[in-house]
Amino acid sequence: MVPIQMVDLKRQYNKIKPQVDAAIQEVLESSAFINGGAVQKFSAELQQYLDIKHVIPCANGTDALQIAMMALGLQPGDEVITPSFTFIATAEVIAMLQLKPVFVDVDPQTYCLDVAAIEKAITPKTKAIVPVHLYGHVTDMEPLMALAARHNLYVIEDNAQAIGADYTFADGTTKKAGTIGHIGCTSFFPSKNLGCYGDGGAIFTNDDALAAQLRMVANHGQSARYYHDVVGCNSRLDTIQAAVLRIKLPLLDEYIKARRAVADAYDAAFAGMPQITTPFRAANSTHVFHQYTLQLHDADRNKLQQYLQEKNVPAMIYYPVPAHRQKMFADFGGAAFDLPVTDNLTTRVISLPIHTEMDNDQLDHIIQSVKSFLNNPPA
Ligand SMILES: *Cc1c(COP(=O)(O)O)cnc(C)c1O
């Protein structure tokens with residue numbers, strides 16, 4: 001059996017090797033390593049895929065979030081509502097800009113921001129909400145956008161894990177995750193659903209003025225060459241990365257389908273097992289399964305992970321410590337936030353391998369390994 005990995009980037013590359021190698025070679029020949037033709041072309045293609053007016057490429061997903069908050073003119077002390085059950089970048093960027101992260105609990109089913117819990121966290125200082133579409137499931141954006149409009153708040157979607165997911169509104173219209181808020185941010189880190197071969201990221205918006213501001217902030221605050229209007233940063237998507245992404249974007253929907261097929265097989269295999277809650281799929285969101293994450297009940301997670309390791313099945317805990325309990329937020333009083341769902345989930349979740357190259361032998365082996373541990377737990 002081919003060794004099982006959380007993501008199998010090598011086998012995915014092998015299938016597109018001639019195209020990727022040629023595209024990289026073309027960049028090398030042109031030597032336009034920064035802002036070469038592929039950057040503009042990829043941005044335009046992603047814009048079309050997402051059905052959004054502006055795509056601003058940048059260096060990574062963390063920068064995307066930072067540039068978004070800078071472009072909105074948020075000021076030190078302003079409060080930004082975000083989940084604690086996320087990758088640290090979301091909260092880190094807020095703190096780095098001297099804004100105040102205000103952590104709100106997640107929904108026990110979707111693991112995304114609990115929209116009903118947001119209102120209680122809003123104060124006169126609240127300026128923005130940053131929902132995270134965790135594991136590839138979209139936050140319930142329709143009520144969130146209504147709430148944000150009532151309180152005059154910006155919404156920045158952290159879409160690093162859900163590119164390609166669809167959200168359906170009550171009237172039946174559908175939008176891509178990341179295109180519903182005022183700004184959407186994503187990452188092209190290699191293991192993401194649309195990953196490049198290094199670092200990369202992008203910012204989306206439908207607002208022309210905001211797009212101009214985002215472009216300016218990402219490029220040293222420059223309005224015209226060597227005229228710098230605001231303090232910005234230097235954040236670019238390499239031409240080589242854009243060239244790789246141009247090959248992979250047309251395959252994204254296929255990649256999502258392959259991930260979903262793995263998730264369907266896991267769901268079917270684990271259905272009815274009392275020790276397992278399989279991922280929830282809300283009627284108004286598709287799930288693009290950046291991760292396939294189980295919730296365990298009356299089962300020893302460490303021992304399961306160890307047992308799987310012995311069976312050559314990797315499994316990961318995303319995330320063992322929620323943002324509000326990280327040392328970086330200790331002085332700021334992070335632990336004072338009362339987030340029972342988040343705290344509970346961090347002790348129970350475990351993510352199984354899911355990627356575009358999984359074969360049936362691998363899938364059977366993973367499923368049998370999980371089942372044999374849970375059905376005959378060691379004393
Ligand atoms: C990966 C990720 C990021 C950061 O992306 P980088 O490209 O690694 O900077 C931010 N938020 C979430 C939820 C992520 O999964």
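Residues numbered from 1 in each chain as written. Predicted model: local features only at pLDDT ≥ 70, side-chain atom pairs only at ≥ 80, totals over all residues. Heavy atoms only, no water.

Regarding the overall build of the protein chain
If you tally the helices and strands in the protein chain, you get twelve helices and 14 strands. A compact globule built from 379 residues should have a C-alpha radius of gyration of about 21 Å, and the protein chain, at 21 Å, falls within 12% of that. For the protein chain, the spread of C-alpha atoms along the three principal axes comes to 70 × 55 × 45 Å. With 379 residues in all, the protein chain has 54% of them scored as buried. Long-range contacts, defined here as pairs at least 24 residues apart, represent 72% of the contacts in the protein chain between residues at least 6 apart. Between the centroid of the 30 positive side chains of the protein chain and the centroid of its 39 negative side chains there is a distance of 2 Å. (Helix = DSSP H or I, 4+ residues; strand = E, 2+ residues; numbered from the N terminus. Rg over C-alpha atoms; globule rule 2.2 N^0.38 Å. Buried < 20%, exposed > 50% of the residue type's maximum accessible area, 1.4 Å probe, protein only. Contact = heavy atoms within 4.5 Å. Lys, Arg positive; Asp, Glu negative; His and termini not counted. Charge placed at Lys NZ, Arg CZ, Asp CG, Glu CD.)

Quick look at the pattern of salt bridges
Tallied over the entire structure, the rule returns twelve salt bridges. In this structure, the salt-bridge partner of Arg281 is Asp264, at a minimum N-O distance of 2.8 Å. Remark: Asp264 occurs in helix α9 (residues 252-270) and Arg281 occurs in the loop between β12 (276-277) and β13 (292-296); sequence separation between them is 17 residues. Note that Arg325 is salt-bridged to Asp343, the shortest N-O span being 2.8 Å. In this pair, Arg325 sits in the loop between α10 (301-310) and α11 (340-348) while Asp343 sits in helix α11, placing the two residues 18 residues apart along the sequence. Classification of Arg325 by relative accessible area gives partly exposed; the value is 43%. The network of salt bridges with shared partners includes Asp8, Arg11 and Asp359. (Salt bridge = Lys/Arg side-chain N within 4 Å of Asp/Glu carboxyl O.)

Focus: the packing of aromatic side chains
Scanning all chains against the criterion turns up 16 aromatic pairs. Residues Phe42 and Phe188 carry aromatic rings whose centres are separated by 5.5 Å and whose planes lie at 80° to one another, so their mutual orientation is edge-to-face. Here Phe188 lies in the loop between β8 (183-187) and β9 (201-205) and Phe42 lies in helix α2 (residues 37-50), a separation of 146 residues in the sequence. Residue classification places Phe42 among the buried residues on the basis of a relative accessible area of 0%. (Phe/Tyr/Trp six-rings, centres within 6.5 Å; stacked < 30°, edge-to-face > 60°.)

Some remarks on the sheet that holds strand β14 (residues 349-352)
Here three strands make up an open sheet; going across it, the order is β12-β13-β14 and the pairing antiparallel. A strand with exactly one partner marks an edge of an open sheet, and here the two such strands are β12 and β14. Pairing of β13 with β14 involves four bridges; the strand directions are antiparallel. From the neighbouring strand, Thr293 faces β14, where its bridge partner is Ser351. Most of the contacts of α9 go to β13, to which it runs at about 20°, and overall it touches β12, β13 and β14. (Pairing = 2+ DSSP bridges. Axes fitted to C-alpha atoms, helices over the stretch in contact; angles between N-to-C directions.)

Section: the pairing of strand β5 (residues 154-158)
Judged by how many residues are buried, β5 sits mostly within the fold: four of five residues are covered. Pairing between strand β4 (residues 126-129) and β5: two bridges, direction parallel. If you follow Ile129 over to β5, its bridge partner there is Val155. As a crossover connection, the stretch from β4 through helix α6 (residues 141-151) into β5 is right-handed. As paired elements, β5 and β8 share three bridges and run parallel to each other. Bridged to Glu157 within β8 is Gly184. (Right-handed = clockwise from strand over helix to strand, strands pointing away.)

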